[in-house]
Amino acid sequence: MDIELLLKEVNNFVWGPIMLALLVGTGIFLTIRLKFLPWRNLGYAIKSIVRRRDQHGGDISPFQSLSTALAATIGTGNIVGVATAMVLGGPGALVWMWISAAFGLSTKYGESVLAVKYREKNSRGEMAGGPMYAMKNGIKNKYIGHGLAWLFAAFVVLASFGIGNMTQANSIAGALNTSFSVPHAAVGAVLVILALSVLLRGIKSIGKVCSVVIPFMTGFYFITSVIVIAVNYAAVPAGVAEMFRMAFSFDSVAGGVGGSIVATALTSMRWGVARGVFSNEAGLGSAPIAAAAAQTDHPSRQGYVNMTGTFFDTMIVCMLTGLVIASSGVLGTRDASGEIISGAALTISAFSTVFGVYGKYIVSFSLALFAFSTILGWEYYGEKALEYLIDRRPVIIGYRVLFSLITFVGATMTLDAVWNFSDTMNGLMAIPNLICLLILSKDIANECFEYQRDVVVKEKAGEEIDYKLDEAKA
């Protein structure tokens, strides 16, 4: 068996039914244990994003922390992943993406709470946190805690070069080459320069850039998507009805909006959950690394703020892509060679039903911005994981430079093997993180209920609260 086929088989196993069941199962468990408070407080969480408060510790603002996390999650999965899921799993896959995201709210809340609760200050006075510190400082059995932390950090570093860098750079180069005939090497060179200019200055630079890029790119994609949906509005009710029918029906053939797509309810579930988790990363343990850098007065406050990332990523951006495709009538169509159109090409076809030739420009521009922001967010994840393993300043600076240079490799090479390897590392991150969440679920519940009693209830009643976070954590 050649190495590429082996990596593909391993990746299929890692992201198989057992892993998906663990990810969603953990979300269900936490949702019930937290008495559905992440759901009940979603509106409060969204308001908390922009609420101005006195700064408490941390390196960046809560909004910049969320923007950095969103930068890493809103990427190719929102454009390519949704289209692929709807081809392989039928329109019903989008419903399962929403369902997995609903329970993912609790998972993202829980892992972000632990990241702030157990964060530390490094030798330079910067915040260092994430699942590896929760494992090290929160799990009483130090052998288990340190072992899980080391594994998690190693998987993050390896995944950062692949799924957080080379595959994103390759998507940018492919999109710009297809739409504007820009050579791959030229795209790679520009990416190196842009990455170095942002990454060498650290998390404060990343946070500032992401807090500008994320609202702009999300707003642009939102507006163009709504235009397509509005123009094709007559087909929206039938599209939504077909999504729910195929999500829960064992009839394997799609109706009108599904064209020639064939998928059972179980297939819809498999691809919807897989692409949903791939997009919003709830349970993988990546976003909490950004949460730990936030200036916040309570672990639960930042837990709620970062939890909204799953809402915006999957329930808004992925939903828009899905509705654009479902309402445009292109799902299930075939290209000149007779193959069913999928991935970015399917999304471009959907946008082109309204914008014509400009459809490919809109999708390519969005894809390039989404993917570049993912590169920025994932560099920070990889850097903090490497810092946990080797806390030496020259090593960290070397990582930033190497990470930036690797974007050129990603933009100019075929990456099937790299994609499978990095996707596997990404999936393996979830195992120690989910174990940590289950072991420390009592800590999460205690923080959640205390914050609900002492802060949320009073703030909803109009009282001003100044909850002082333990200075050791601030």
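It should be emphasised that the depicted structure is a prediction, and the values quoted were computed from it without experimental measurement.

### What about the overall build of the protein?
Line of reasoning, step 1. The number of helices and strands found in the protein is 20 helices and two strands.
Line of reasoning, step 2. With respect to the principal axes defined by its C-alpha atoms, the protein has extents near 65 × 50 × 45 Å.
Line of reasoning, step 3. Burial status across the protein gives 59% buried among its 474 residues.
Line of reasoning, step 4. In the protein, once contacts between residues fewer than 6 apart in sequence are set aside, the share between residues at least 24 apart is 83%.
Line of reasoning, step 5. For the protein, the exposed area adds up to about 17,800 Å²; of that, 67% sits on carbon and sulfur atoms.
Line of reasoning, step 6. Put simply, the protein has 35 plus and 31 minus side-chain charges, and the middle of one group is 5 Å from the middle of the other.

### Let's talk about the packing of aromatic side chains
Line of reasoning, step 1. Evaluation of the coordinates by the stated rule reveals 20 aromatic pairs.
Line of reasoning, step 2. One aromatic cluster in this structure is built from Tyr 44, Tyr 109, Tyr 304 and Tyr 451.
Line of reasoning, step 3. Sitting over the face of the ring of Tyr 118, Lys 117 holds its NZ or CZ atom 5.5 Å from the ring centroid.

### Looking at the side chain of Lys 108
Line of reasoning, step 1. The topology assignment puts Lys 108 in helix H7 (residues 93–117).
Line of reasoning, step 2. In this structure Lys 108 is buried but unpaired, with Glu 111 as the nearest side chain of opposite charge at 5.2 Å.
Line of reasoning, step 3. Not counting residues up to four positions away in its chain, the partners in contact with Lys 108 are Asn 280, Glu 281, Ala 282, Ala 287, Asn 306, Met 307 and Thr 310.

### A look at helix H10 (residues 184–199)
Line of reasoning, step 1. If you check H10, its first and last C-alpha atoms are 22 Å apart, about what 16 residues at 1.5 Å a residue would give, namely 22 Å.
Line of reasoning, step 2. Turning to H10, its buried residues are Val 187, Gly 188, Leu 191, Val 192, Ala 195, Val 198 and Leu 199. An end-on view of H10 places all buried positions within 145° of arc, on one side of the element.
Line of reasoning, step 3. As for H10, its buried residues are in contact with helix H9 (142–180), helix H11 (203–231), helix H17 (358–389) and helix H18 (393–412).

### Considerations on the nonpolar core
Line of reasoning, step 1. Ranked by size, the top nonpolar core spans 136 residues in total, and within it Leu 23, Tyr 304 and Tyr 381 carry the most contacts.
Line of reasoning, step 2. Ranked by the residues each element gives to this core, the list is headed by H17, at 16 residues.

### Some details on the pattern of salt bridges
Line of reasoning, step 1. Within the structure shown, the criterion is met by eight salt bridges.
Line of reasoning, step 2. Arg 453 is the partner of Asp 454 in a salt bridge, and the nearest nitrogen-oxygen pair spans 3.0 Å.
Line of reasoning, step 3. Residue Asp 454 is classed as partly exposed on the basis of its relative accessible area, which comes to 24%.
Line of reasoning, step 4. Taking relative accessible area as the criterion, Arg 453 reaches 52% and is therefore assigned exposed.
Line of reasoning, step 5. Shared partners join several salt bridges into a network, and the residues in it are Asp 297, Arg 301 and Glu 459.

### What to know about a nonpolar patch on the surface
Line of reasoning, step 1. Together, Phe 222, Ile 223, Val 226, Ile 227 and Val 231 make up an exposed nonpolar region whose accessible area comes to about 420 Å².
Line of reasoning, step 2. Examined against the element boundaries, Val 226 turns out to sit in helix H11.

### Focus on the environment of Met 307
Line of reasoning, step 1. Residue placement: Met 307 occurs in helix H15 (residues 299–328).
Line of reasoning, step 2. Its relative accessible area of 0% is what places Met 307 among the buried residues.
Line of reasoning, step 3. The sequence separation of Met 307 and Val 80 amounts to 227 residues, and the corresponding C-alpha distance is 23 Å.
Line of reasoning, step 4. Apart from residues no more than four positions distant in its own chain, Met 307 is found in contact with Pro 38, Leu 42, Ala 45, Leu 105, Lys 108 and Tyr 109.

### Brief notes about a positive patch on the surface
Line of reasoning, step 1. Together, Lys 35, Arg 40, Lys 47 and Lys 460 line one region of the surface with positive charge.
Line of reasoning, step 2. Structurally, the position occupied by Arg 40 is in helix H3 (residues 37–40).

### Here's the deal with unusual backbone geometry
Line of reasoning, step 1. In the Ramachandran plot, Lys 35 falls in the positive-phi region, its phi being about 55° despite a non-glycine side chain.
Line of reasoning, step 2. Along the chain, Lys 35 turns up in the loop between helix H2 (17–33) and H3.
Line of reasoning, step 3. The exposed category is assigned to Lys 35, whose relative accessible area is 53%.
Line of reasoning, step 4. Even without being a glycine, Phe 36 presents a positive backbone phi close to 60°.
Line of reasoning, step 5. Of the residues examined, Phe 36 reaches a relative accessible area of 34% and is grouped as partly exposed.

### What about the environment of Arg 201?
Line of reasoning, step 1. Checked against the element boundaries, Arg 201 lands in the loop between H10 and H11.
Line of reasoning, step 2. The exposed category is assigned to Arg 201, whose relative accessible area is 61%.
Line of reasoning, step 3. In sequence terms Arg 201 and Arg 400 are 199 residues apart; their C-alpha atoms lie 9.3 Å from each other.

Parameters at a glance
- Residues numbered from 1 in each chain as written.
- Predicted model: local features only at pLDDT ≥ 70, side-chain atom pairs only at ≥ 80, totals over all residues.
- Heavy atoms only, no water.
- Helix = DSSP H or I, 4+ residues; strand = E, 2+ residues; numbered from the N terminus.
- Buried < 20%, exposed > 50% of the residue type's maximum accessible area, 1.4 Å probe, protein only.
- Contact = heavy atoms within 4.5 Å.
- Areas by Shrake-Rupley, 256 points an atom, 1.4 Å probe, with all protein chains shown as cover.
- Lys, Arg positive; Asp, Glu negative; His and termini not counted.
- Charge placed at Lys NZ, Arg CZ, Asp CG, Glu CD.
- Phe/Tyr/Trp six-rings, centres within 6.5 Å; stacked < 30°, edge-to-face > 60°.
- Lys NZ or Arg CZ within 6 Å of the ring centre and 35° of its normal.
- Salt bridge = Lys/Arg side-chain N within 4 Å of Asp/Glu carboxyl O.
- Expected span 1.5 Å × (residues − 1).
- Arc of directions from axis to C-beta.
- Core = buried A, V, L, I, M, F, W, Y, C linked by side-chain atoms within 4.5 Å.
- Patch = residues over 30% accessible without salt bridge, like charges linked within 9 Å, V, L, I, M, F, W, Y side chains within 5 Å.

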